[in-house]
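# Summary of the model geometry
One letter stands for each residue in the lines below.
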Amino acid sequence: MTEERSDIGRFLAASDLPRAVRQKISGVVMGLDVPMNVKLDVAEELAVHFEDGLAAGKTTDTLIETFGDERTTASLINKTRRGRLLSGLDTEHFMGQGDSFISKLWQDIRYAGRRLAQSPGFTAIAVLSLALGIGANTAIFGLVNAVLLKEPPFKSPGELVNIYMSNPNFPFNVFSYPDFKDMQEGTQDVFESVGASRIVLVQVDTEGGVVSLPGEVVSGSYFPTLGIEAEVGRTLLPDDDMTPGAHPVVMLEHGYWQRAYGGSPDVVGQDIRLGGRPYTIVGVTPKTFAGTFRGLAPAVFAPTMMVNELQPGGTNELEARGNHSYFAVGRIKAGATMPQVQAALDGLANHMKELDLEEYDPDNSFLLVPTKDVIIFPAFDTYLRAAAWLLMVVVGLVLLIACTNLASFLLARGVDRRKEIALRVALGATRKTLMGHLLSETVLLGLLGGVAGVVVAVGMLRALVTADLPTPIPVTLDLSLDPTVLGFCLMVSILAG
């Protein structure tokens, strides 16, 4: 033993390592129950490890602290079974007692953090690259979530169906107001209620002059059918929609209420001038509801009986059967099934053919589409979904390219870490342990990129919200980072790692 200590001491003295480091290496090597040549090999690996660390500018205290306890290391190397060294993080042997999963995970995270902190330039570039890819994916998913995935804010949306007039030329035609009234009255056995709405352009008198804003005229049954309650005041009711031109009342859309009235609850009872005529404000819609068409928020909601006042022209919309502009939605009665509803509508279609109504297409039938499956309009929704998922694929490829480039850099750095990895193998690390260390580094990089990616996503979404898009009706979407979007960001960050 004295001879072995002397040989190892001479070897360490020749290395010019600090005294504390030599003592650390000697403590490990002298605790090994292996042949002398193996002890010298381990001493050489340890010496190289510390020399590299010192050459990289690390302090002796930092290297010793990172290395850990020499007796534990020696004990691990001694635990050889059939020529295979056990892992230094094995839960049954580390420090002579079991470690919890959380303890091991925390050790891996600390190790990964130290490794990344040792290369701040590389870490910054890697995080920035991932942030751009993850941020773009999060922003686009936020848009997809707002347009495609969010549940409509209706009461029991599974009971709602959109109703269309279908014919061989166009399967998703909308209603004229007389056709809607006929359908509403002829389906009372299967629908609890049926509502209608249409987009109009209203002229609003403001202090700065007259401005054109989108509005929506709705039947008195519209809000009760959807189950929408007012945030302030009340909704439009059937009594507001009885006589043409007799009830100049409106509800304000929540966003417009915030912009134009500062969110004041005193707005109820005030007048707003539309088309030169005063309308009494009776309520404000909730924040979650922005009209029939997702993303196309009207400023005001008015009764259908006021449509000729708001949209003056030579045609009386309330009587023109050929003017198809009203979207219909119905709430199915409790106990009724979709086949029963469709059968009732088929019977109504046959009855209307027999009436031989002027301007009514005898080839018309009725088509039902679950409201929760409609984004804006079924004929358009297919292309909208395809475009949205195509965007997801494109930004996914951007992230894949960023990950591929970063993986190449990490592989290049891996060449410089051969000595470190060889040392860990000599100290008992298995392939599983080494993979855990490397994976913890990359996952931590991914999570850091995800945190920075959230900042990038917020910036992109704000730019999208404030963009002046060339659309006839302003596009309004809730693009906030809700738990669904943040969960997606976390998943992508881990996957990138």
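Scroll up a little and you will see the structure.
So, here is what we can say about the structure in this document. Since the structure is predicted, the reported quantities are computational estimates derived from the model, not experimental observations. (Residues numbered from 1 in each chain as written. Predicted model: local features only at pLDDT ≥ 70, side-chain atom pairs only at ≥ 80, totals over all residues. Heavy atoms only, no water.)

A separate point is the packing of aromatic side chains. On inspection of all chains with the given rule, the structure shows 12 aromatic pairs. Considering the side-chain rings of Y222 and F223, the 5.1 Å spacing of their centres and the 80° angle between planes classify their relative orientation as edge-to-face. Across the pair, F223 and Y222 agree in class, each one buried. Chaining the aromatic ring pairs together yields one cluster made of F154, Y222, F223, F289 and F301. (Phe/Tyr/Trp six-rings, centres within 6.5 Å; stacked < 30°, edge-to-face > 60°. Buried < 20%, exposed > 50% of the residue type's maximum accessible area, 1.4 Å probe, protein only.)

Once that is clear, we can look at the side chain of R198. By secondary structure assignment, the location of R198 is in strand β5 (residues 191-206). For R198, the side chain forms a polar contact with the side chain of E317, separated by 2.2 Å. Those residues in contact with R198, other than ones at most four positions away along the chain, are G215, E216, V217, V307, Q311, E317, S325 and Y326. (Helix = DSSP H or I, 4+ residues; strand = E, 2+ residues; numbered from the N terminus. Polar contact = N/O pair within 3.5 Å; in protein donor to acceptor, adjacent residues only side chain to side chain. Contact = heavy atoms within 4.5 Å.)

What follows covers helix α10 (residues 254-261). Here α10 has its buried residues at H254, G255, Y256 and W257. In this structure E253 caps α10, since a side-chain oxygen of it lies 2.9 Å from the backbone nitrogen of G255. A positive phi of about 65° marks G262, the residue just after α10.

Now for the environment of K353. Note that K353 resides in helix α12 (residues 338-355). Through-space distance from the C-alpha of K353 to that of S365 is 9.7 Å; in sequence the pair is 12 residues apart. For K353, the contacting residues outside a window of four places in its chain are Y360, P362 and N364.

Our next topic: the packing of helix α8 (residues 177-186) against α12. Here α8 crosses α12 at 130°, and the two axes come no closer than 10 Å. Viewed along their axes, α8 and α12 adopt a mutual orientation that is oblique. Helix-helix and strand crossings are classified by hand; for α8 and α12 the assignment is right-handed. Where α8 abuts α12, its residues D179, D182, M183 and G186 lie against L345, L348 and M352. (Axes fitted to C-alpha atoms, helices over the stretch in contact; angles between N-to-C directions. Parallel < 35°, antiparallel > 145°, perpendicular 65-115°, else oblique. Left-handed = near helix turned anticlockwise from the far one by under 90°.)

This part covers unusual backbone geometry. One non-glycine residue, S156, lies in positive phi territory at about 45°. Within the secondary structure layout, S156 lies in the loop between α7 (120-149) and β3 (160-167). Accessibility expressed as a relative area gives 34% for S156, which makes it partly exposed.

On to the pairing of β3, then. With eight of its eight residues buried, β3 lies for the most part within the structure. Of the two faces of β3, both are covered, the one formed by L160, N162, Y164 and S166 as well as the one formed by V161, I163, M165 and N167. Bridge count between β3 and strand β12 (residues 327-332): four bridges; the pairing is antiparallel. In the strand pairing of β12, I163 is matched with A328. Of the pairings in the sheet, the one linking β3 to strand β13 (residues 365-370) comprises six bridges and is antiparallel in character. Directly across from Y164, in β13, lies its bridge partner L367. Both β3 and strand β4 (residues 170-173) contribute to a ladder of two bridges, which runs antiparallel. Residue pairing for β4: M165 is matched across the bridge by N173. Hairpin connection from β3 to β4: two residues lie between these consecutive antiparallel strands. (Pairing = 2+ DSSP bridges.)

Purely spatial values, then, with no claim about function.
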